[in-house]
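Residues per chain, in single letters:
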Amino acid sequence: MRHAPIDPQFFISNRRRLMRLLPPGSIALVNANDIPPTNSDGTLRPVPNSDLFYLTGVEQEESILLIFPDADDERLREILFLRETSELISIWEGHKLSREAARETTGIRNVQWISEFPKFLHRLMCEADHVWLNSNEHKRADIVVTSREARFVRGLQERYPLHQYHRLARLMHRLRIVKQPTEVELLKQACAITRDGFERVSRFVQPGVSEHEVEAEFAHEFIRQRGNFAYNPIIASGPNACILHYNDNDRPCRDGDLLLLDVAANYANYNADLTRTIPVNGRFTQRQRQVYEAVLRVLRASIAGLKPGTKPKHWQEAAEEMMARECVDLGLLKTSDLRENPEDPMKRPVKKYFMHGLGHPLGLDVHDVGFTTEPFAAGWVMTVEPGLYLRDEGFGVRLENDVLITDKGPVDLMADIPIEPDDIEKLMA
Ligand code: GLY
Ligand code: MN
Ligand code: MN
């Protein structure tokens, strides 16, 4: 673990808040993620399970959290199961949590090796009526592999078919959408590392550098500061900016191009999500600046629109209406287009130039979990990311900041990352 230790009180209070949502006689079980295989004996970089991390701070594979607030024996109300460590494992794989270290990290007193799990489980299942199990219920998740938690659900239901099973995801989404003060601090740290990466890159970019060299500059700054990429970086010069999920990052940045940078850091498993669009030669052309300022106005208005009580859908629609008027001023749409209101929102004329969502919840996941059919509430962190993509003119502009919603108004967590075109030019000079 590269990040500084997190106060276990955070995890203790998260578990307490989950327990309050569980009806009597409930047992909740949360699994670590599998380490995804690649080819041969290779593996991808392990990614901690966000819910397990949120409830325990554990980032290690083959771990299980068991919560049973009504267990008759109070020592069995919270148990953490870990892969047993040994001298051999420490030689080959390095540090794994000892039981003592796990107690310190998580605030859970009862830590057992995973080999003991079936025995404890059986005893407690005989006492429980309701079983809360995790599943990935992100609305945009499209999963073809079988996860550890999906295998677990199947195995448990086969062995104990008569219990009442429930979706823990419903409760986790409810908790995780509202950020706790510790989470806001970690998000601010991820944003600060992201800012340093962006400023470093802004001083580095000039005609002739390749997109992959820009990626390397970000990597250097993020890793130097104990962070990592929050997601696959999009470093898209010229027309590449119009490919929304561009990840090749292999084209030379040319004089006169704009460079779209959708790149941010992850720190302690919390993600920033930043987009800036900068001129490769350090000066915007008049047209580029015109488009940039239109996107910036929509960004500013949309940040101001992040108020408790507003529905995300209405927030998105307001931005689309504003962007459509900007598109008329930019000569991209006709005034008559503003009156078109097709039933399918994807067919609105503005979608030709601004075809993606305005923003999403952010946290332990880049596209974080939460009920986005419900109105915004204090404690949500949302990205705000309007864009215009002009394929015919060979460039695109997107700007993206991360914003905390509060009762006293939105707090822009990226307010100190240069965004005004003059400030960008000054930074690059
Ligand atoms: N970088 C991913 C996103 O903006 O949603
Ligand atoms: Mn982004
Ligand atoms: Mn985003």
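Refer to the structure printed above.
This report concerns the structure included in the present document. Fair warning: this is a prediction, and the values are worked out from it, not measured in the lab. (Residues numbered from 1 in each chain as written. Chains lettered and ligands numbered in written order. Predicted model: local features only at pLDDT ≥ 70, side-chain atom pairs only at ≥ 80, totals over all residues. Heavy atoms only, no water.)

### What to know about the overall build of the protein
The cut-off we apply is this: For helices the rule is a DSSP run of H or I covering at least 4 residues; for strands it is a run of E covering at least 2, with both sets numbered from the N terminus onward. Only C-alpha atoms enter the radius of gyration, while the globule expectation follows 2.2 Å times N to the 0.38, with N the number of residues. Throughout this description, buried means an accessible area under 20% of the type-specific maximum (1.4 Å probe, protein chains only), exposed means over 50%, and partly exposed covers the range between. Should any heavy atoms of two residues lie within 4.5 Å, those residues are counted as being in contact.
When its secondary structure is counted, the protein shows 12 helices and 17 strands. Taking 429 residues into account, the globule formula puts the C-alpha radius of gyration at 22 Å, and the protein, at 24 Å, falls close to it. Counting every position in the protein, which comprises 429 residues, the buried fraction comes to 53%. Pairs at least 24 apart in sequence give 72% of the contacts found in the protein among residues at least 6 apart.

### What to know about the coordination of the manganese ion (ligand 3)
What counts here: Here a donor is an N, O or S atom found within 2.8 Å of the metal, or within 3.2 Å if the metal is Na, K or Ca; sites may look incomplete because water is not among the atoms. Here a site with four donors is tetrahedral if all angles are between 85 and 135 degrees, and a site with four or six donors is square planar or octahedral if opposite donors are over 155 degrees apart and the other angles are between 65 and 115; anything else gets the irregular label.
Every protein donor of the manganese ion (ligand 3) is listed here as Asp273 (OD), His360 (NE2), Glu385 (OE) and Glu400 (OE), and their distances to the metal cover 2.1 to 2.2 Å. Taken together, the 6 donor atoms coordinating the manganese ion (ligand 3) span angles of 51 to 154° at the metal, a pattern that classifies the geometry as irregular. The sequence pattern formed by the donor residues of the manganese ion (ligand 3) is D-x86-H-x24-E-x14-E. Separating the manganese ion (ligand 3) from the manganese ion (ligand 2) is a distance of 3.4 Å, and Asp273 supplies a donor atom to each of them. Highlighted residues: Asp273 in the loop between β11 (270-271) and β12 (275-279) and His360 in the loop between α11 (312-329) and β13 (381-384), separated in sequence by 87 residues. In terms of burial, Asp273 and His360 fall into one category: buried.

### What to know about the coordination of the manganese ion (ligand 2)
The protein atoms that coordinate the manganese ion (ligand 2) are Asp262 (OD), Asp262 (OD), Asp273 (OD) and Glu400 (OE), at distances spanning 2.1 to 2.6 Å. For the manganese ion (ligand 2), the 6 donor atoms in the first shell make angles of 54 to 169° at the metal, so the coordination geometry reads as irregular. Donor residues for the manganese ion (ligand 2), ordered by position in the chain, follow D-x10-D-x126-E.

### Concerning the pattern of salt bridges
The line we're drawing: Here a salt bridge means any side-chain nitrogen of Lys or Arg lying within 4 Å of a carboxyl oxygen belonging to Asp or Glu.
Tallied over the full model, the rule gives 34 salt bridges. As a salt-bridge pair, Glu217 and Arg200 come within 2.9 Å of each other at their nearest N and O atoms. A residue pair is termed long-range when its members are at least 10 positions apart, and Glu217 in helix α9 (residues 211-224) and Arg200 in helix α8 (residues 181-204) qualify at 17 residues. Across the salt bridge formed by Lys351 and Glu320, the nearest N and O atoms sit 2.6 Å from each other. Residue Lys351 is located in the loop between α11 and β13, and its partner Glu320 is located in helix α11; the two are separated by 31 residues in the primary sequence. Looking at Lys351, the relative accessible area reads 10%, which means it is buried. Exposure remark for Glu320: the relative accessible area of 5% places this residue in the buried category. Taken together, the shared-partner salt bridges in this structure form one network comprising Asp51, Arg176, Lys179, Asp365 and Asp368.

### Observations concerning the packing of aromatic side chains
Keep this limit in mind: Each pair of aromatic rings taken from Phe, Tyr and Trp, with Trp reduced to its six-membered ring, is defined by centres within 6.5 Å and is described as stacked if the planes are under 30 degrees apart, edge-to-face if over 60, and tilted in the remaining cases.
A full pass over the atoms with the stated rule returns 11 aromatic pairs. Relative to Phe376, the ring of Trp315 lies with its centre 5.4 Å away and its plane at 90°, an arrangement referred to as edge-to-face. With Trp315 in helix α11 and Phe376 in the loop between α11 and β13, this residue pair connects regions lying 61 residues apart in the sequence. Considered together, Trp315 and Phe376 belong to a single accessibility category, that of buried residues. Counting every residue linked through ring pairs, the aromatic cluster contains Phe10, Phe11, Phe53 and Tyr54.

### Describing the site of ligand 1
Selection rule: The criterion for a residue being near a molecule or strand is simple. One of its heavy atoms has to lie within 4 Å of it. In protein, a polar contact requires one atom able to donate a hydrogen and another able to accept it; more generally it is a pair of N or O atoms within 3.5 Å, and residues adjacent in sequence count only if both atoms are side-chain atoms. Each accessible area is a Shrake-Rupley estimate made with a 1.4 Å probe; only the visible protein chains count as cover when residues are assessed. When residues are grouped by polarity, Ala, Val, Leu, Ile, Met, Phe, Trp, Tyr, Cys and Pro land in nonpolar, Asp, Glu, Lys and Arg in charged, and all others, Gly among them, in polar.
Around ligand 1, the neighbouring residues are Tyr231, Asp262, Asp273, His360, His367, Glu385 and Glu400. Contact distances for ligand 1 include 3.1 Å between a nitrogen atom and a side-chain N or O atom of Asp262. Glu385 is positioned with one of its side-chain polar atoms (N or O) 3.0 Å from an oxygen atom of ligand 1. Protein chains shield 84% of the accessible area of ligand 1, which is 200 Å² for the free molecule. Of the residues in the shell around ligand 1, the class split is 1 nonpolar, 2 polar and 4 charged.

### Some details on the packing of helix α10 (residues 286-304) against helix α12 (residues 421-428)
Quick reminder of the rule: For helices, the fitted axis covers only the stretch in contact; all axes are lines through C-alpha atoms, and the angles between them, taken along N-to-C directions, range from 0 to 180 degrees. Any angle between 65 and 115 degrees counts as roughly perpendicular, while under 35 counts as roughly parallel, over 145 as roughly antiparallel, and the rest as oblique.
Contact pair α10 / α12: the axes reach a minimum separation of 11 Å and the direction vectors enclose 120°. Classified by the angle their axes make, α10 and α12 are oblique. Residue-level contacts link Arg289, Tyr292, Glu293 and Leu296 of α10 to Pro421, Asp422, Ile424 and Glu425 of α12.

### Comments concerning the side chain of Lys96
Tracing the backbone through its elements, the reader meets Lys96 in the loop between α3 (87-93) and α4 (99-106). Apart from residues no more than four positions distant in its own chain, Lys96 is found in contact with Gln60, Glu61, Arg83, Thr85 and Ile89.

### Thoughts on the nonpolar core
Cut-off, in case you're wondering: Definition used in this section: a nonpolar core is a set of buried Ala, Val, Leu, Ile, Met, Phe, Trp, Tyr and Cys residues joined via side-chain atoms within 4.5 Å.
One finds Phe198, Val214, Phe218, Leu259, Leu261 and Leu388 to be the most contacted residues of the largest nonpolar core, which totals 105 residues. With residues up to four places along the chain from it excluded, the contact list for Leu261 reads Phe198, Val201, Val214, Phe218, Ile234, Ile235, Leu274, Thr275, Arg276 and Ile278. With 20 residues, the next largest nonpolar core counts Ile64, Phe81, Leu121 and Ala128 among its residues.

### Focus on the pairing of strand β3 (residues 78-82)
Heads up, the rule is: When DSSP finds two or more bridges between a pair of strands, those strands are recorded as paired.
Of all 5 residues in β3, 5 are buried, a share of seventy percent or more. Here β3 shows two buried faces, one formed by Glu78, Leu80 and Leu82 and the other by Ile79 and Phe81. Bridge count between β3 and strand β4 (residues 110-113): 4 bridges; the pairing is parallel. Looking at the pairing, Leu80 lines up with Val111 of β4.

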